[in-house]
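# Examination of the molecular architecture
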Amino acid sequence: MIARLQQTGYEEDRLQRVAKLLPCRELQAGTLLSIMGQPQQYSYPSVFIYGHRASGKSHVMHILLKELELPHATVSCVECVSVALLFEQVLLSFFGCDAASLLPRSPSLSDFVRIYRQQCLEMPAKQTRYVVMEKAELLRDMDANLLPAILRLQELVEDNVTVIFLSEIVWDKFRPNTGCFEPLLLHFPDYSKGELQQILSQDKHPSYSAEFYSSYINILLGVFYSVCRDLRELRHLAALNFSKFCEPLAEGKVKESDTHKLWRNIEPHLKKAMQTVYLREVSSLQWEQMQQVEEKETGPLRGLSAHTHVELPYYSKFLLIAAYLASYNPARTDKRFFLKHHGKIKKTNFLKKNEKTSNHLLGPKPFPLDRLLAIFYSVVDSRVAPTASIFSQISSLVTLQLLTQVSHDDQLDAPKYKCAVSMDFICAISRTVNFDIVKYLYDFL
Amino acid sequence: MSKRKVKDAHLPVGECITQLQKILRERLCNQQLPEKPEGVGAQHKHLLELLRRTAVHGESNSVLIVGPRGAGKTMLLKSVLRELLEEKEVQKNLLQVQLNGLLQTDDRIALKEITRQLHLENVVGDKVFGSFAENLAFLLEALKKGDRSSSRPVLFVLDEFDLFAHHKNQTLLYNLFDVSQSAQAPIAVVGLTCRLDVLELLEKRYIERVQTQLSLPQDFPDEKFAKDWNESVKALCEDKSVEEVLLRHFNCSRDFRSLHMFLMLCLSRVTVAKPVVKAADVLEAGRLCFADAKADMLHGLSILELCLIIAMKHLNDVYEGEPFNLQMVHNEFKKFLQRKSNSMYNFEQPVVLKAFEHLQQLELIRPVDGSSAKTQREYQLMRLMLDNSQIMEALQKYPQCPTDVKQWAMSAFG
């Protein structure tokens, strides 16, 4: 059922059309419309709308302003790298390009307000003008006086103008130190599971029945809903995986009504999509190609994560392993790990379990170059001379950002490093050189 | 008041509502000045007297109006000016310069604006001035009358006065006050600021204000409707629950702006079908005003993100607010999962990392220091920007929250 939007001053059939275009957002659109009031009436100077990503903030605003044909300027704060662009866009949408060209080079707010007032005398607002600021959180990073000034734009330009801010971040994080004009706050709640189902079911495939598509959406939400509630992301995933879902149907193996078999077919596939497409490790094109390749050769899946495929020189691998050990093992345990005759070290004494938190929780510790080289010589199986090539490999590991230099560059004699790779990565590396790194890690004893 | 009764009136009800909305909206959106400012009588008189002296007798003055935001500083000044400009002598004599600390961000821009507002662009032309003071003196000189004996009084209004004080060397302020002291030209400087704490002169009159704000002026075209409306507002003010909401609102904030916002929300619910403000509308508006934004945002998080927040809460409890990193949070989460037999929340580390980054994007967690570039993302130290009560409240409202997650959140130590 489509709830009816009501507001005097607008044509009835337009409101009907708006309501149809905004499924599951009727309540919010209604509230917004009642705050906006009739077109010629004043509205509250600034309205702040917040809600999660893809909860329909921009969409509702856009549809309302466009369908009801209200004068408006939509400004995305991502695009406005300088305030000049912001001012230009507002003036352009309200007064045409002549007004925008009046702006001097690198304009100040003062210029903007002056030109706005001038133009306003020539073209007074018959209807409320709306400025919509998308991603308003970026306004905080611009000049400190910009946000407070835009909040009270109505007062400054003395025109019937309302500024609407859209953001994912709550208003509390915006308020400047000395306070400012408080906007009217409006929350857009997230879509519930049922609403997501309803909206996603709307873009059904023409050659399949609505129920069939809806059951597909149901399965998709079952997998992804606990991780992601972003409508846009879910829609992307739905579009990408639908062809796979239909496959058994096209081959004539199952009927449309046999949901259980369809579910068995698609479920592992979606799980895999979670690890790849959702994380953006592969693009959607690659994903489609992968699906086709997979059909031909049903061999073992190659690791999808990009970072398991770094090729390094032989010694660099050992250097990295040594760096990892130096970062995650306490220095006092080196003796036990790397000395052949380390004498008697009592096991109880050695494993001081009062150090409760493991190093893999706290992150890598810095270590000096000497320690790195000492560990390196004991882990590498052949004898290596400390040549310039070894040192240059260390510095290239730093450029690859596998190591980070902690100390300042000017400390030439004793530089300190930190290892910046993950456990999975180092395990993959050590497997290629047949080195069992877990045996040498203090945390895993 | 029944709907039918309204229909008997002279104008159709739709027309009445439109008029009503128009008048009240103009008032609430700060466009129209009240006929008589209330509660600031003494200040009004004092300011009026000071400005009149400048305008009529050519005496230099400077005034600083201090008050919290929304206390009516601008309103006071504007109503004084309105009254002052009704006098013939003042009208032809006094020049005004309105500056705003938000707009004129440095003294160069401010000086340009002064020139423009005094209509002296032509006089200045391409002249080059040695110093700021020279320039200002020239401007004021240019305003002198034909006989050069006395110059016209100028009123400088500096809104957001405190921002002018941040300008380099405070050249503008120094020069303005210097001019007003040394009697070069009669000027009055009025600064408006919220920076210093000031007597709360508006507090007693707050609840009374509701009625004066909402009641209609006498010249409303349809008297019957106007009377009904005013009566309904009066009845509304006597309602117990309404009074409670207003009192609560008053206790939270005492400025007029927030009251305006509150009343605006009530007003926007007035339609043809429902031509009066009901108590329920006021309650609803109160609910909107007092909604905890962060709790609302927590409502929209996915289960995984919520679990991470709970893990952070436990870490905060155990380590007494020490910062944490993703590894610790994930570890805490895994400990919870190990106790569960079903592994429905078994997510890979990168998926967890993405959820974690989303939380950071929403500014629910914040990195501790600026050296983020050097450490790996999973070891970057973070702080939780929520307190326990907010988390617990959000959990109560969370749709279809699994019981085990709820219990995990309730338990004292993760």
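Computed from a prediction, not measured in an experiment: that's the story for all the values here.

On to the sheet that holds strand S3 (residues 154-159) of chain B. Residue and element names in this part refer to chain B. What the four strands build is an open sheet, ordered S1-S4-S3-S2; its pairing is parallel. Looking at the sheet topology across the chains shown, the edges are occupied by strand S1 (61-66) and strand S2 (95-100). The mean inter-strand angle of the sheet, taken between neighbouring strand axes irrespective of direction, is 15°. Running at roughly 150° to strand S4 (residues 187-193), helix H4 (residues 73-85) makes contact with S1, S2, S3 and S4 of the sheet.

All names here are of chain A. Here chain A is described as being made up of domain 1 (12-187), domain 2 (193-306) and domain 3 (314-444). Between the C-alpha centres of domain 1 and domain 2 there is a distance of 39 Å. In total, domain 1 and domain 2 occlude about 530 Å² of area from one another, counting both sides; carbon and sulfur atoms represent 55% of this. Where domain 1 touches domain 2, the interface holds one salt bridge. As a salt-bridge pair, Arg53 and Asp230 come within 3.5 Å of each other at their nearest N and O atoms.

Attention now goes to the packing of aromatic side chains. Residues and elements named next belong to chain A. Enumeration according to the criterion identifies 33 aromatic pairs over all chains in this entry. With a centroid separation of 5.0 Å and 75° between ring planes, the pair formed by Phe48 and Phe174 is classed as edge-to-face. One end of the pair, Phe48, is in strand S1 (residues 46-51); the other, Phe174, is in the loop between strand S4 (161-167) and strand S5 (184-188), and 126 residues separate them in sequence. Using a relative accessible area of 1% as the deciding quantity, one classes Phe48 as buried. For Phe174, a relative accessible area of 4% translates into the label buried.

One pass over the structure, following the stated rule, counts zero disulfides over all chains. A disulfide-free cysteine, Cys228(A) has its sulfur positioned 16 Å from the sulfur of Cys307(B), the nearest such atom. With no disulfide of its own, Cys427(A) lies closest to Cys419(A) among cysteine sulfurs, the gap being 12 Å.

With that settled, the discussion passes to the nonpolar core. Across soluble globular proteins, nonpolar side chains have a tendency to be buried as a group. Ranked by internal contacts, the top residues of the largest apolar core, which has 166 residues, are Tyr116(A), Met133(A), Leu139(A), Phe165(A) and Phe224(A). Per-element tally for this core: the top contributor is helix H17 (residues 303-318) of chain B, with 10 residues. Apart from residues lying up to four places away in sequence, Tyr116(A) is in contact with Val90(A), Leu91(A), Phe94(A), Phe95(A), Arg129(A), Val157(A), Asp159(A) and Val161(A). Counting 40 residues, the second-largest nonpolar core is a separate cluster that includes Leu320(A), Tyr324(A), Leu402(A) and Val433(A).

Let us now look at the packing of helix H14 (residues 314-328) of chain A against helix H19 (residues 388-399) of chain A. All names here are of chain A. Two elements in contact, H14 and H19, have axes separated by 10 Å at closest approach and are oriented at 65°. On the basis of the axis angle, H14 is roughly perpendicular to H19. Crossing of H14 against H19: the hand is right-handed. From H14, Tyr315, Ser316, Leu319 and Leu320 reach across to H19, where they touch Ile390, Gln393, Ile394 and Leu397.

Looking now at the sheet that holds strand S6 (residues 367-368) of chain A. Across a sheet, paired strands are connected by hydrogen bonds in the backbone, their directions being either parallel or antiparallel. Residue and element names in this part refer to chain A. Sheet architecture is open: three strands sit in the order S6-S8-S7, paired in antiparallel fashion. The open sheet is flanked by S6 and strand S7 (403-405), the only strands paired with a single partner. Pairing analysis gives two bridges linking S6 to strand S8 (residues 416-419), with the strands arranged antiparallel. Across the sheet, residue Phe367 finds its bridge partner in S8, namely Tyr417. Here H14 sits on the sheet and contacts S6, S7 and S8; the angle it forms with S8, its principal contact strand, is near 95°. The sheet contacts of H19 involve S7 and S8, and relative to S7 the element is tilted by about 95°.

Let us look at the pairing of S8(A). Side chains on a regular strand alternate between the two faces of the sheet. Where S7(A) lies against S8(A), three bridges are found, and the strand directions are antiparallel. If you follow Gln405(A) over to S8(A), its bridge partner there is Tyr417(A).

Chain A puts 68 residues into the contact, and the matching count from chain B is 61 residues. In this assembly, chain A packs against chain B so that about 5,700 Å² is buried in total across both faces, 57% of it on carbon and sulfur atoms. Looking at the side of chain A facing chain B, the largest losses of area belong to Tyr42(A), His52(A) and Leu361(A), adding up to 11% of the total buried there. On inspection of chain A and its partner chain B, the count reaches three salt bridges. Here Arg152(A) ties to Glu160(B) by a salt bridge, and the two come within 3.1 Å at their closest N and O atoms. Among the elements that line the side of chain A that touches chain B, the one with the most residues is helix H6 (residues 109-122) of chain A, at four residues. Across the side of chain A that touches chain B, the residue classes break down as 31 nonpolar, 24 polar and 13 charged.

The next point concerns the confidence of the model for chain B. Residue and element names in this part refer to chain B. Overall, the predicted model of chain B reaches an average pLDDT of 74, with 72% of residues at or above 70. Taken together, the stretch residues 1-9 has pLDDT below 50 and engages in nine contacts with residues farther than four places along the chain or on a different chain. Long-range and interchain partners of residues 197-221, a stretch whose pLDDT sits below 50, account for 57 contacts in this model, where long-range means more than four residues apart. In the predicted assembly, ipTM is 0.82 and pTM is 0.82.

So, on to unusual backbone geometry. Of note, the phi angle at Asn434(A) is positive, near 55°, even though the residue is not glycine. Secondary-structure assignment places Asn434(A) in the segment after helix H20 (423-432). A positive phi angle is found at Glu320(B), which is not glycine, with a value near 55°. Within the secondary structure, Glu320(B) is located in the loop between H17 and helix H18 (326-339). Its relative accessible area of 71% is what places Glu320(B) among the exposed residues.

Below, the discussion takes up H14(A). Relative to the 21 Å expected for 15 residues at 1.5 Å per residue, H14(A) spans 22 Å between its end C-alpha atoms, a close match to the ideal helical length. By the criterion of burial, H14(A) is predominantly enclosed, with 13 of the 15 residues buried.

Let us look at the environment of Thr115(B). All names here are of chain B. Tracing the sequence through the fold places Thr115 in helix H6 (residues 107-117). Under the relative-accessibility criterion, Thr115 is labelled buried at 12%. Spatially, the C-alpha atoms of Thr115 and Gln181 are 21 Å apart, while their sequence positions differ by 66 residues. Setting aside its immediate chain neighbours within four residues, Thr115 contacts Leu120, Glu121, Val124 and Leu139. Within the structure, the side chain of Thr115 is placed 2.7 Å from the backbone oxygen of Leu111, a separation counted as a polar contact.

The next thing to look at is the side chain of Ser167(A). Residue and element names in this part refer to chain A. Mapped onto the fold, Ser167 is located in strand S4. By relative accessible area, which is 2% here, Ser167 ends up buried. In this structure the side chain of Ser167 is engaged in a polar contact, spanning 2.7 Å, whose partner is the side chain of Glu137. In this view, Ser167 contacts Phe48, Ile49, Tyr50, Gly51, Lys57, Ala136, Glu137 and Phe174; residues no more than four positions away in its chain are not counted.

Throughout the structure, instances matching the rule amount to 25 salt bridges over all chains. Notably, a salt bridge pairs Arg14(A) with Glu69(A), separated by 3.5 Å at the nearest N-O pair. Placement of Arg14(A) in helix H1 (residues 12-21) and of Glu69(A) in the loop between helix H3 (57-67) and strand S2 (72-76) is noted, with a sequence separation of 55 residues between them. Using a relative accessible area of 19% as the deciding quantity, one classes Arg14(A) as buried. The partner of Glu393(B) in a salt bridge is Lys397(B), and the shortest N-O contact between them spans 3.4 Å. Here Glu393(B) pairs with Lys397(B), and both are found in helix H20 (residues 388-397), just four residues apart, close to one helical turn. Put simply, Glu49(B), Arg52(B), Arg53(B), Glu59(B) and Glu87(B) are held in one network by salt bridges that share partners.

Thresholds applied
- Residues numbered from 1 in each chain as written.
- Chains lettered and ligands numbered in written order.
- Predicted model: local features only at pLDDT ≥ 70, side-chain atom pairs only at ≥ 80, totals over all residues.
- Heavy atoms only, no water.
- Pairing = 2+ DSSP bridges.
- Helix = DSSP H or I, 4+ residues; strand = E, 2+ residues; numbered from the N terminus.
- Axes fitted to C-alpha atoms, helices over the stretch in contact; angles between N-to-C directions.
- Contact = heavy atoms within 4.5 Å.
- Domains from an automatic or database assignment.
- Buried area = accessible area lost by both parts, 1.4 Å probe.
- Salt bridge = Lys/Arg side-chain N within 4 Å of Asp/Glu carboxyl O.
- Phe/Tyr/Trp six-rings, centres within 6.5 Å; stacked < 30°, edge-to-face > 60°.
- Buried < 20%, exposed > 50% of the residue type's maximum accessible area, 1.4 Å probe, protein only.
- Disulfide = S-S within 2.5 Å.
- Core = buried A, V, L, I, M, F, W, Y, C linked by side-chain atoms within 4.5 Å.
- Parallel < 35°, antiparallel > 145°, perpendicular 65-115°, else oblique.
- Left-handed = near helix turned anticlockwise from the far one by under 90°.
- Nonpolar A, V, L, I, M, F, W, Y, C, P; charged D, E, K, R; others polar.
- pLDDT = per-residue confidence, 0-100.
- Expected span 1.5 Å × (residues − 1).
- Polar contact = N/O pair within 3.5 Å; in protein donor to acceptor, adjacent residues only side chain to side chain.

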